[in-house]
Amino acid sequence: MSADKQNKDKKELDKKTMLRTPKGMHDILPVDWLWWDRVQDVSRRLTDFYGFSRIETPILEFAELFQENLGESTDVVQKEMYTFATKGGEVLALRPEGTAPVVRAYLQHSLSKTAALQKMYYQSRMFRHENPQAGRYRQFSQIGLEIVGGTSDPLYDAQIMLIFDRLLKELKIKGVQLKINSMGCRICRPIYKRQLQSYYKDHLKELCEDCVRRFETNPLRLLDCKQATCAPLKVDAPNFFDKLCSPCSAHLKMVLEYLEELSIPYALDNQLVRGFDYYSRTVFEFFAETPGHKFGALPAGGRYDYLIESFGGRPTPAVGGAVGIERLIDVMKAQEMQLPNRASCKVFVVHVGEQAKKRSLGILEELRTAGITARDALSRESLKAQMRTADREGAILAVILGQREIFEKSIIIRDLGNGLQETVPLDRMIEEVKKRLKNSHE
Ligand code: AMP
């Protein structure tokens, strides 16, 4: 190929890749932030109220952290991690989930010494090389909650579900359903696994390729398979609820009692298996009705009483969960939700002439310092265009400054509702604006 042709092809390629994000990754545009702010504001208020402190871990971690702790046979470890070797020879991965990094940080910084029980939350970006579809992306953000330490108290399982339930309620998401299962413990799970294997042994030929692999490595995950060949086999598979040991059974019962006490409806689902192997006892997933769309689980998570030990720490109970922010927003949009207006603009600053434009900057600052939400359209010169923008912003008042007002050290305050206006001395502007805003609320 000639050098010219090569250069041309490269330019074409650059043009194609330069103007688009990689597959499954998105810009969050100014208009999207209305939704993001809503979700983040509500979750921040809830996590504060329930006493969770924020934790943020690096986007990159040693790949081993996930390979060793999420489960060798999980989709994330098998095929979805963005892993690469650095120039220094380290093998790093873009964080695919938040729990393992939080546990790493908990141990690395000996957080148990600062408080026996740590309640932490994060809002972090995750990366999984998945097949993108509605509600499923390669880069996505999760709001995650983790309670680490204390005892394996079912109250904490219920509290995690309570906070997510409140989040969905405050976001006004409709048709919410909570599914719960138990993954048992070191005593009862191996027994159940063997029972599952002996049931599936006779159906190996009917299983999909992934499930044949799962049959050996983690037979519980056979219950999670959505393939047409495997799904019908689940119907007659042994039920874990019948095989739970008595402490696990009592734990589940208490979780359900707490949920009843909190009036959170739930459905037991003995086939609910989460995507990571670190769970023990409670696992849960919230769903919302979105006719015509399939988005998958909203908040989801569970208890992971053995994970800290598998990092080499002391046995430490823990429970948590996470929800994808993009998926939440997808559901809100699919349910045709209207967002309440952003703290709406109260006062619009209008200028007439070059000198007034300059002076408007100071006026805006005075309003801002007094805590009054104000906007301007300083780039527009015509009075008409500025007044139109004021209308569009839903302003209650306009403060208008022209040549004459500058000369007289005054300002016009116009009520945009009834069109009445009055000229007031500039040094009384704030007082007069506040008075009128107060009257407009009464
Ligand atoms: P997981 O970390 O797999 O336990 O997932 C917890 C929650 O994160 C899910 O229930 C979804 O709400 C969200 N989530 C997981 N994977 C994705 C993804 N690829 N895209 C968007 N949201 C996701």
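In case you missed it, the structure is sitting above this.
Residues numbered from 1 in each chain as written. Predicted model: local features only at pLDDT ≥ 70, side-chain atom pairs only at ≥ 80, totals over all residues. Heavy atoms only, no water.

S.K.: Quick question: what am I supposed to make of empty space enclosed by the protein here?
M.R.: One simple way to see leftover space: roll a probe sized like a water molecule over the atoms. Tallied over the full model, the rule gives one cavity of 30 Å³ or more. Approximately 40 Å³ is the volume found for the largest cavity. Around the largest cavity, the lining residues are Ser 43, Leu 46, Thr 47, Ile 143, Leu 145, Ile 163, Phe 164 and Leu 167. Contributions of two or more residues to the lining of the largest cavity are made by helix H2 (33–49), strand S6 (139–149) and helix H6 (154–170). A per-class count over the lining of the largest cavity returns six nonpolar, two polar and no charged. (1 Å grid on protein atoms, 1.4 Å probe; cavity = no way out; pocket = protein on both sides within 12 Å on 5 of 7 lines; lining within 4 Å. Points joined across faces, edges and corners; volume = space filled by probe spheres on them. Helix = DSSP H or I, 4+ residues; strand = E, 2+ residues; numbered from the N terminus. Nonpolar A, V, L, I, M, F, W, Y, C, P; charged D, E, K, R; others polar.)

S.K.: Which parts of the structure should I look at to understand the packing of aromatic side chains?
M.R.: Two aromatic rings are characterised by how far apart their centres lie and by the angle between their planes. Inspection of the entire model under this criterion finds nine aromatic pairs. An angle of 80 degrees between the planes, with centres 5.0 Å apart, marks the rings of Phe 49 and Tyr 50 as edge-to-face. Judged by its relative accessible area of 67%, Phe 49 is exposed. A ring pair is formed by Phe 276 and Tyr 278, whose centres lie 5.5 Å apart and whose planes are at 25 degrees; its orientation type is stacked. Taken together, the ring pairs connect Phe 276, Tyr 278, Tyr 279 and Tyr 304 into an aromatic cluster. (Phe/Tyr/Trp six-rings, centres within 6.5 Å; stacked < 30°, edge-to-face > 60°. Buried < 20%, exposed > 50% of the residue type's maximum accessible area, 1.4 Å probe, protein only.)

S.K.: Looking at this structure, how should I read the nonpolar core?
M.R.: Soluble, globular proteins show a tendency: their nonpolar side chains are buried together. With 96 residues, the main nonpolar core has Ile 173, Tyr 200, Leu 259 and Leu 328 as its most contacted residues. With nine residues, the single largest contributor to this core is H6. Dropping the residues within four chain positions of it, Leu 328 is found in contact with Val 39, Leu 167, Leu 168, Leu 171, Ile 173, Leu 298 and Val 323. Counting residues in hydrophobic clusters, the runner-up holds 20 residues, among them Ile 363, Leu 426, Val 433 and Leu 437. (Core = buried A, V, L, I, M, F, W, Y, C linked by side-chain atoms within 4.5 Å. Contact = heavy atoms within 4.5 Å.)

S.K.: In this structure, what is going on with the site of the ligand? I would like to understand it.
M.R.: The full set close to the ligand counts 16 residues, and Arg 128, Glu 130, Tyr 137, Arg 274 and Leu 298 are the nearest of them. In this structure, Gln 142 approaches the ligand through a side-chain N or O atom, which is 2.9 Å from an oxygen atom. Measuring from an oxygen atom of the ligand, one finds a backbone N or O atom of Leu 298 at 2.6 Å. Taken by itself the ligand offers 480 Å² of open surface, and the protein chains cover 94% of this. Counting residues per element, the ones that place at least two in the shell around the ligand are S6 and strand S11 (318–324). A per-element tally of the shell around the ligand places S11 first, with three residues. Of the residues belonging to the shell around the ligand, the class tally is eight nonpolar, three polar and five charged. (Near = heavy atom within 4 Å. Polar contact = N/O pair within 3.5 Å; in protein donor to acceptor, adjacent residues only side chain to side chain. Areas by Shrake-Rupley, 256 points an atom, 1.4 Å probe, with all protein chains shown as cover.)

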